[in-house]
Amino acid sequence: MTFYPDDAPVPVELRTDDLVLRMLGPDVVEPDYEAVMETRVRLRAWSNSDWPTDDFTLAGNLDDMQMHEREHLAREAFAFTVLSADESRVEGCCYFRPLGGLLKRREFVAREGQEPLSDSVATVSFWVRDSALPRDLDRQLLGGLARWLAEDWPFERAVFLTNDSQTRDHQTLRDMGLPQVATLRSKDSGLNWQLWDIPPR
């Protein structure tokens, strides 16, 4: 099975009590840039990179968003902006990508009793801006994503992807009853990435 079935429609939108998810694109470049720069220190740990640098520009953010839009339309990966309920503010982003791309740079270590996952399994990563954390929007996002993926997305399998820095998200995933099924060990650093299973409804 490929990452996404050729004949399946791509879900367009998710709504929760306080959030709206829709395709990430250049139409939200300015509010997205504001959210990225507010959260830049935590995002560097989240991405295990220097992105976004202190001198990251609006033009650079536009380039990133156009790349994500191309991937989304080509069904190579899917990126969603996370908006407030009135769609006036960007609260974060989430990304659905095939596991195969991550395995090129990381070693797969399955939990005891778990089989290795195929390259086409969808990994789901996410972030919310710093000012959204006191309102627990990250927990609302995770709960909404788990339901959306289980009910509306025809992936072979989907797993949440986190890394060692995301201790708050780890607790939320445990509270949701999602099992950690594997670890990805970076080949060029000591950072571990965790895969958490999203069971179908």
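What you see is a predicted model; the values in this text were computed from it and never measured. (Residues numbered from 1 in each chain as written. Predicted model: local features only at pLDDT ≥ 70, side-chain atom pairs only at ≥ 80, totals over all residues. Heavy atoms only, no water.)

Peer 1: Before we go on, may I ask you to explain the overall build of the protein in this structure?
Peer 2: The helix and strand tally for the protein stands at six helices and nine strands. Since a compact globule built from 201 residues should have a radius of gyration of about 17 Å, the 16 Å found for the protein is in line with a globular shape. Structurally, the protein occupies a C-alpha span of about 45 × 40 × 30 Å along its principal axes. Burial statistics for the protein: of 201 residues in total, 49% are counted as buried. Here the analysis covers contacts within the protein between residues at least 6 apart in sequence; of these, 71% occur between residues at least 24 apart. Carbon and sulfur atoms form 48% of the exposed surface of the protein, whose accessible area is close to 9,700 Å². Within the protein, one finds 23 positive and 36 negative side-chain charges whose respective centroids are separated by 4 Å. (Helix = DSSP H or I, 4+ residues; strand = E, 2+ residues; numbered from the N terminus. Rg over C-alpha atoms; globule rule 2.2 N^0.38 Å. Buried < 20%, exposed > 50% of the residue type's maximum accessible area, 1.4 Å probe, protein only. Contact = heavy atoms within 4.5 Å. Areas by Shrake-Rupley, 256 points an atom, 1.4 Å probe, with all protein chains shown as cover. Lys, Arg positive; Asp, Glu negative; His and termini not counted. Charge placed at Lys NZ, Arg CZ, Asp CG, Glu CD.)

Peer 1: What should I look at first to understand the pattern of salt bridges in this one?
Peer 2: Proximity of charged atoms lets side chains of opposite charge pair with each other. For the structure shown, the criterion picks out 15 salt bridges. For the salt bridge of Glu 13 with Arg 15, the shortest nitrogen-to-oxygen distance reads 2.9 Å. What makes Glu 13 partly exposed here is its relative accessible area of 38%. When the shortest N-O distance is used, the salt bridge between Glu 91 and Arg 135 registers 3.3 Å. Of the two residues, Glu 91 sits in strand β4 (residues 90-98) while Arg 135 sits in the loop between β6 (122-128) and α5 (137-152), which places them 44 residues apart along the sequence. Relative accessible area serves as the criterion here: at 43%, Arg 135 is assigned to the partly exposed category. (Salt bridge = Lys/Arg side-chain N within 4 Å of Asp/Glu carboxyl O.)

Peer 1: What's the story with the sheet that holds strand β7 (residues 158-163) in this structure? I'm lost.
Peer 2: Across a sheet, paired strands are connected by hydrogen bonds in the backbone, their directions being either parallel or antiparallel. The strand order across the open sheet formed by nine strands is β1-β2-β3-β4-β6-β7-β9-β8-β5, and the pairing between neighbours is mixed. The open sheet is flanked by β1 (14-15) and β5 (106-110), the only strands paired with a single partner. Taken strand by strand, helix α6 (residues 167-175) contacts β6, β7 and β9 (192-197), and its axis lies near 145° from that of β7. (Pairing = 2+ DSSP bridges. Axes fitted to C-alpha atoms, helices over the stretch in contact; angles between N-to-C directions.)

Peer 1: Can you help me understand α5 in this one?
Peer 2: Residues lying three or four places apart along an α-helix face the same way, a consequence of the helix completing one turn every 3.6 residues. The terminal C-alpha atoms of α5, which comprises 16 residues, lie 21 Å apart, in line with the 22 Å expected from a rise of 1.5 Å per residue. Burial analysis of α5 places 12 of its 16 residues in the buried class, the great majority of the element. (Expected span 1.5 Å × (residues − 1).)

Peer 1: Hey, could you run me through the nonpolar core in this one?
Peer 2: Core analysis: the biggest nonpolar cluster contains 31 residues, and Leu 21, Phe 96, Leu 145, Trp 153, Phe 155 and Phe 160 have the highest contact counts within it. Elements with a minimum of two residues in this core: β2 (19-23), β3 (78-84), β4, β6, α5 and β7. With seven residues, α5 is the largest single contributor of residues to this core. Setting aside residues no more than four positions away along its own chain, Phe 96 makes contact with Phe 3, Ala 77, Phe 78, Phe 80, Thr 123, Val 124, Leu 145, Trp 148, Leu 149, Trp 153 and Phe 155. Residues Phe 56, Ala 79, Leu 83 and Tyr 95 belong to the second largest nonpolar core, which totals 17 residues. (Core = buried A, V, L, I, M, F, W, Y, C linked by side-chain atoms within 4.5 Å.)

Peer 1: Before we go on, may I ask you to explain the packing of aromatic side chains in this structure?
Peer 2: Aromatic ring pairs are defined here through the distance separating the ring centres and the angle between the ring planes. Inspection of the entire model under this criterion finds 18 aromatic pairs. Aromatic side chains Trp 153 and Phe 155 sit 5.4 Å apart centroid to centroid with 5° between the ring planes, which places their arrangement in the stacked category. Like Phe 155, Trp 153 is buried. Here the basic side chain of Arg 106 rests over the ring of Trp 193, its NZ or CZ set 4.4 Å away from the ring centre. (Phe/Tyr/Trp six-rings, centres within 6.5 Å; stacked < 30°, edge-to-face > 60°. Lys NZ or Arg CZ within 6 Å of the ring centre and 35° of its normal.)

Peer 1: Looking at this model, I keep getting lost on the state of the cysteines. Mind explaining?
Peer 2: Each disulfide is one covalent bond, formed between the sulfur atoms of two cysteines. The tally for this structure, following the rule as stated, stands at zero disulfides. Cys 93 supplies the cysteine sulfur nearest to Cys 94, a cysteine that is in no disulfide, at a spacing of 7.4 Å. (Disulfide = S-S within 2.5 Å.)

Purely geometric stuff here, so don't read any function into it on its own.
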